[in-house]
Amino acid sequence: MSRVLIVSNRLPVTVERGDGGGFTVVRSAGGLATGLSGTHCGADSVWIGYPGELRGLRKAEVRELNARFAEQRLVPVTVSAEEIRKYYEGYSNG
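Within any chain, residue numbers begin from 1 and follow the written order of that chain's sequence. Since the coordinates come from a predicted model, pLDDT governs what is reported: local features require at least 70, and pairs of side-chain atoms require 80 or more to be given and counted, while whole-chain, interface and lining totals use all residues. Side-chain calculation: all heavy atoms of the structure are included, whereas hydrogens and water are not.

**Thoughts on the overall build of the chain**
(1) Moving on: Helix numbers and strand numbers start at the N terminus; a helix is a DSSP run of H or I with at least 4 residues, a strand a run of E with at least 2. Assigned secondary structure in the chain consists of three helices and five strands.
(2) Moving on: When the helices and strands of the chain are read in sequence order from the N terminus, they spell out β-β-β-α-β-α-β-α.
(3) Moving on: Its C-alpha atoms give the chain principal-axis dimensions of roughly 40 × 35 × 20 Å.
(4) Moving on: For each residue, the accessible area found with a 1.4 Å probe, counting protein chains only, is set against the maximum for its type, and the residue is called buried under 20%, exposed over 50%, and partly exposed in between. Burial analysis of the chain (94 residues in total) assigns 24% to the buried set.

The following block contains the structure:
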């Protein structure tokens, strides 16, 4: 079977900050994430998208987070606040 590339505005996970300063990566419950989860989990696939706001992470935390993304075949794409405002909030949802 061929490799499947899933490209969406957001990755199918949410990064949550813990009270102790760490973080967890949890599956998102959104419609697209739910609808394509079977394809992503059952195929040779890579999911490409924005991981959400990750400011304030130390370099070691970024490395750990990227390792977790890689384990789940997720490729994060950095998006600036201006790009979010102009594309997602402006063009897409406007």
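**Notes on the sheet that holds strand 1 (residues 4-10)**
Strand-to-strand pairing in sheets goes through backbone hydrogen bonds, with the strands running parallel or antiparallel.
(1) Moving on: Strands pair, by our definition, only if DSSP identifies at least two bridges between them. Spatially, three strands are ordered 1-4-5 in an open sheet, and the strand pairing comes out parallel. At either end of the open sheet lies a strand with only one pairing partner, and these are strand 1 and strand 5 (74-76). Each strand axis lies, on average, 20° off the axis of its neighbour in the sheet, ignoring direction.
(2) Moving on: With three bridges connecting them, strand 4 (residues 45-50) and strand 5 associate as parallel partners. Here an angle of 0 to 180 degrees is reported between the N-to-C directions of two axes, which are lines fitted to C-alpha atoms, with helices fitted over the stretch in contact.

**Examining the pattern of salt bridges**
(1) Moving on: Note on definitions: salt bridges are taken to be side-chain nitrogens of Lys or Arg within 4 Å of carboxyl oxygens of Asp or Glu. With the rule as written, the count across this model stands at four salt bridges.
(2) Moving on: Across the salt bridge formed by Glu64 and Arg68, the nearest N and O atoms sit 2.6 Å from each other. You can see Glu64 and its partner Arg68 sitting in helix 2 (residues 59-71), four residues apart, about one turn around the helix.
(3) Moving on: You can call Glu64 partly exposed: its relative accessible area is 37%.
(4) Moving on: Owing to a relative accessible area of 25%, Arg68 belongs among the partly exposed residues under this scheme.

Any functional reading would require information beyond the geometric quantities listed.
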